[in-house]
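Here are the chains, one letter per residue:
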Amino acid sequence: MSKLRKSSKQKLYAGCIGAGIVGIIFAGYLMVNIHQMNEVRKQAEVEAELKWKVYEQEQRTAKKGWAVVRDISPGEQIASNDLKGIKVPGSQAPSNLLANKSEVSGTTAKIELKKGSVLTSSMITADEPTPKDLRNRELKVVVLPNSLKSGDEVDIRIQFPTGQDYILLSKKKISRLEGPIVWVTLNEQEILSLSSAIVDAYLHKASIYALTYVDPQFQPKAIPTYPPNAQVLALMNSDPNLIHIAEQKLSKQLRDSLEKAISSSNSVISTPVERSLSEEIAAQHAGATIENPTSGIDVTRNEYENEQDHQEQTKILTQGGSSDPYAK
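Residues numbered from 1 in each chain as written. Predicted model: local features only at pLDDT ≥ 70, side-chain atom pairs only at ≥ 80, totals over all residues. Heavy atoms only, no water.

**Q** Lay out the overall build of the protein chain in plain terms, naming residues and giving numbers.
**A** Helices and strands together make up the secondary structure of the protein chain, namely six helices and 12 strands. Looking at the 328 residues of the protein chain, the share that counts as buried comes to 26%. In the protein chain, once contacts between residues fewer than 6 apart in sequence are set aside, the share between residues at least 24 apart is 67%. (Helix = DSSP H or I, 4+ residues; strand = E, 2+ residues; numbered from the N terminus. Buried < 20%, exposed > 50% of the residue type's maximum accessible area, 1.4 Å probe, protein only. Contact = heavy atoms within 4.5 Å.)

Quick look at the structure:
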């Protein structure tokens, strides 16, 4: 009996010792976990405090802006009730953010604006929407000022040999300039008026030229005074290639004028030998005389070409009616 009690006591002691060891291990585990949790909590508190400080800083430096409350299509006007005031954090606010409602209300959207879009100056324009018929037009037949540069604003005029001078296109900005060629934007009416003027200039030896504005910021836009010729428009309708032919001819005339100016600038001959040599070279370039098949008279190449142009113009005008460019 005593042996049984002794064995039970030993087992009880062993169990107590085991339980104590497990308790110690569990307590240690709990302590470690509690310590880790405390560390995590402290780190979270530090991060939260930092975020709060950043938020407070952003609120102090926040900028006021405006967002749209509905989808707006390009070219559509933005009304006052389309806007909602918001605050944009200073670190996220673009440099061209619009702060005043008056800067936004009544403007036109350049691009598609989705609901909630924050408006910047690059998204809107105070100008009227771009007309649907506006196009870029390349001009090769305009006599340009020597000092003309890209970005200048000009009136394009047409002058007839009789001295009549009309404003064809008013206050057009030179969007691009390459030598004697310029690019401007024209609407449909201006394109038709220009086409009429080109044919008029071709048929009646008129000159199309440009004049720059002295102070374009303060000088108002001139009113065009050129009346498109009804007969010229009829000719253009009957022959779609006429405007192309006229433009080519005028471009050639401008080039010929340039070459004549260059030739005249080099016409000072110092000695008889140089003079005779220059005449010989000019004769080689001009070529032999050409016999006019209609009259049988020998004329120079240039005279023959001028006579052919005159006959071609007479034929066109005879087919179209009166040669008066302003006949109704």
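**Q** Pulling in residues and values, what's your account of the pattern of salt bridges?
**A** Close approach of charged atoms allows side chains of opposite charge to pair. Within this structure, the stated rule accounts for nine salt bridges. For Lys 172, the salt bridge is made with Glu 190, and the minimal N-O distance between the two is 2.8 Å. With Lys 172 in strand β7 (residues 165-173) and Glu 190 in helix α2 (residues 188-204), this pair connects stretches of sequence that are 18 residues apart. Judged on exposure class, the residue Lys 172 and its partner Glu 190 are both buried. (Salt bridge = Lys/Arg side-chain N within 4 Å of Asp/Glu carboxyl O.)

**Q** Can you break down the sheet that holds strand β9 (residues 181-186) residue by residue, with the values?
**A** The strand order across the open sheet built from three strands is β5-β9-β8, with neighbouring strands paired in antiparallel fashion. Where the open sheet ends on each side, the last strands, each with one partner, are β5 (135-139) and β8 (176-178). Going from strand to strand, the sheet's axes swing by 25 degrees on average, the running direction of each strand aside. Those strands touched by α2 are β5 and β9, and its axis lies near 135 degrees from that of β9. (Pairing = 2+ DSSP bridges. Axes fitted to C-alpha atoms, helices over the stretch in contact; angles between N-to-C directions.)

**Q** A description of the nonpolar core should follow, citing residues and the corresponding values.
**A** Counting 25 residues, the largest nonpolar core has Leu 139, Val 142, Ile 156, Ile 158, Leu 168, Leu 194 and Ile 208 as its most contacted members. Secondary-structure elements contributing two or more residues to this core are β6 (153-159), β7, β9, α2 and β10 (207-212). Here the element with the most residues in this core is α2; it accounts for five residues. In this structure Ile 156 touches Leu 139, Val 142, Ile 167, Leu 168, Leu 169, Ile 208, Tyr 209 and Ala 210, once residues within four positions along its chain are discounted. Formed by 12 residues, the second largest nonpolar core is a distinct cluster that contains Val 68, Ile 72, Ile 78 and Ile 124. (Core = buried A, V, L, I, M, F, W, Y, C linked by side-chain atoms within 4.5 Å.)

**Q** Any details on the confidence of the model for the protein chain? Residues and values, ideally.
**A** For the protein chain, per-residue confidence averages 75 on the pLDDT scale, and 66% of positions sit at 70 or higher. Within the protein chain, no element has a lower average pLDDT than strand β11 (residues 290-291), which sits at 40, and none a higher one than β6, at 95. The low-confidence segment residues 285-301 (pLDDT under 50) makes 20 contacts with residues lying over four places distant or belonging to another chain. Under a pLDDT of 50 for its full length, residues 316-328 has, in the predicted model, 27 contacts with residues more than four places off or in other chains. (pLDDT = per-residue confidence, 0-100.)

**Q** Could you give an account of the pairing of β9, naming the residues involved and the relevant values?
**A** On a regular strand, one side chain projects to one face of the sheet and the next to the other, so that they alternate. Across five bridges, the pairing between β5 and β9 is antiparallel. Bridge pairing in β9 places Leu 139 opposite Val 182. As judged from the three bridges shared by β8 and β9, these two strands associate in the antiparallel manner. Its bridge partner lying in β9, Glu 178 is registered against Ile 181. Connecting β8 to the antiparallel partner β9 that follows it, the hairpin turn spans two residues, and Gly 179 within it adopts a positive phi of roughly 60 degrees.

**Q** How would you explain the packing of aromatic side chains if you had to name every residue and give the values?
**A** Per the stated rule, a full pass over the model turns up one aromatic pair. Ring centres of Phe 160 and Tyr 166 lie 6.4 Å apart, and the angle between their planes is 75 degrees; this geometry places the pair in the edge-to-face category. In this structure, Phe 160 and Tyr 166 share a single accessibility class: buried. Of note, Lys 171 hangs over the ring of Tyr 213, and the distance from its end group to the ring centre comes to 5.4 Å. Over the ring of Trp 183 we find Arg 176, and its NZ or CZ is 4.2 Å from the ring centre. (Phe/Tyr/Trp six-rings, centres within 6.5 Å; stacked < 30°, edge-to-face > 60°. Lys NZ or Arg CZ within 6 Å of the ring centre and 35° of its normal.)

**Q** Can you explain a nonpolar patch on the surface? Please cite residues and give values.
**A** Taken together, the side chains of Phe 26, Tyr 29, Leu 30 and Ile 34 define a hydrophobic patch exposed on the protein surface, amounting to about 420 Å² of accessible area. Take Ile 34: it is sitting in helix α1 (residues 2-61). (Patch = residues over 30% accessible without salt bridge, like charges linked within 9 Å, V, L, I, M, F, W, Y side chains within 5 Å. Areas by Shrake-Rupley, 256 points an atom, 1.4 Å probe, with all protein chains shown as cover.)

**Q** Tell me about unusual backbone geometry, residues and numbers included.
**A** Phi angles above zero are rare outside glycine, and Lys 171 is one such case at about 45 degrees. Topologically, Lys 171 is positioned in strand β7. Within the chain, Lys 205 stands out as a residue other than glycine whose phi angle is a positive 55 degrees. Tracing the backbone through its elements, the reader meets Lys 205 in the loop between α2 and β10.

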